[in-house]
Amino acid sequence: MLRRTLQSFKGVAASGFTVTPTPLINHSEIGLLKKSLPTLYGGDFASKQYPDEWHYRPGFSKEDVTREVCNAWKSSPTIASLVLSPHIAEYVAKFMGWRSIRVGQDDVIQKPRSEVSNVGWHRDYSYINSNFVGGDGCTVWISLDRATEENGGVKYAVGSQEWPMEPLRDGVDSAFMSGASDPLAYLRRYAPEDIEIACPEVDPGHAIIHQSKVFHGSSNNGSADNMREAIVVHFVEGDCQWKETESSLPWGDAGYIYGRYRRAGEVELAEDHFPITWSENEAEITGWVKDYIGNGMGMK
Ligand SMILES: O=C(O)CCC(=O)C(=O)O
């Protein structure tokens, strides 16, 4: 299955990423999502559930850095209706050649116009997919605006999914918010040869699908626009499992963030945190998702 995944990326994009030819969400869905973001960041959680990470609070956090909320689907039914959408899930599963698909994590991103809003080079695999067997998944970066190099659209080190892997870290020294001064210094540690950087332009509602091992990051938002917004869904294959661990502790070796989702002695992923949002076998789809989001957004 993993081989098929890589082949599908090789066929569609040897670069490790591709922009969807059509939008995944329409204009009115973009409007609803945009409207929900200030409510989310302001801590007004319609579902009464906190998100798993909340990296920006108005009046408390720095105003000029990139803002991120992770697993906002738990807190906002509006965001959930995109992240847990069966339509998006089916589209991505078919693109990847998967029989079923789970949500690994979402990220809601707001990038303000500023000189310090860059996102450091990283591979999603190091934070997310390295925890799983068969979890060499993909990220779907859905733009709520037109994203360009000027407003800090996502940049890729072309083909870097094939480069050697860096030693796995537990995320505490995350490159995500590091804002390195030499933009390519970190990449040079792993690049076998010349580095080619691409910043695909993405229209509102379209998405970039990228392989979890491709290095990516983004520059400052230097545009006149106030904010560049995106909703990112990190997907894993439906039947992926936790890596076996020597540890007798419930969180095994999963460490920071992901350690909290693991149950002692189990390799199965809990659907409470990693819901199955589409499967060829409908009986496998996580039951409560439809109760929570109804039909879900997307592909209309
Ligand atoms: O939106 C961005 O600038 C970067 C997002 C990203 O790298 C991610 O979600 O993994």
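Residues numbered from 1 in each chain as written. Predicted model: local features only at pLDDT ≥ 70, side-chain atom pairs only at ≥ 80, totals over all residues.

Per an unreviewed UniProt entry, the recorded name for the chain is Phytanoyl-CoA dioxygenase, and the organism is Triparma laevis f. longispina. The record held by UniProt for the chain lists under Cofactor (unreviewed entry) the comment "Fe cation". (UniProt positions renumbered as here; feature names shortened; annotations may be inferred.)

### Points about the site of the ligand
As a matter of local geometry, the ligand sits amid D107, I109, K111, V119, D124, T139, V154, H216, S218, A230 and V232. Taken together, the elements giving at least two residues each to the shell around the ligand come down to β4 (100–112), β11 (216–218) and β12 (227–237). It is β4 that contributes the most residues to the shell around the ligand, 3 residues altogether. Looking at side-chain class alone, the shell around the ligand contains 5 nonpolar, 3 polar and 3 charged residues. (Near = placed C-beta within 6 Å. Helix = DSSP H or I, 4+ residues; strand = E, 2+ residues; numbered from the N terminus. Nonpolar A, V, L, I, M, F, W, Y, C, P; charged D, E, K, R; others polar.)

### A look at the sheet that holds β11
Strand pairing within a sheet occurs via backbone hydrogen bonds; the two strands may be parallel or antiparallel. Across the sheet, which stays open at both edges, the 4 strands sit in the order β5-β11-β8-β9 with antiparallel pairing between neighbours. The sheet is open, and its two edges are formed by β5 (119–122) and β9 (197–198), each paired on a single side. Where strand β8 (residues 154–157) lies against β9, 2 bridges are found, and the strand directions are antiparallel. Within β9, the position partnered with A157 by the bridge is I197. (Pairing = 2+ DSSP bridges.)

### Quick word on helix α2 (residues 27–41)
Taking 1.5 Å of rise per residue, 15 residues should cover 21 Å, and α2 covers 22 Å from first to last C-alpha, within 8% of that figure. When we look at burial in α2, the residues that qualify are E29, I30, L33, S36, L37, L40 and Y41. End-on view of α2: buried residues confined to an arc of 130°, all on one side of the axis. Exposed side chains of α2 directed beyond 90 degrees from the buried face belong to H27, S28, G31, K35 and P38. The positive-phi residue at the C-terminal boundary of α2 is G43, with phi of around 85°. (Expected span 1.5 Å × (residues − 1). Buried ≥ 20, exposed ≤ 12 C-beta atoms within 10 Å, placed from the backbone. Arc of directions from axis to C-beta.)

### Points about unusual backbone geometry
In this structure, K48 is a non-glycine residue whose phi angle is positive, near 75°. Relative to the helices and strands, K48 is located in the loop between α2 and β2 (53–55). Here the phi dihedral of N71 falls at roughly 55°; this positive angle occurs in a residue that is not glycine. Structurally, the position occupied by N71 is in the loop between β3 (67–70) and α3 (77–83). C-beta crowding within 10 Å serves as the criterion here: with 24 such atoms nearby, N71 is assigned to the buried category.

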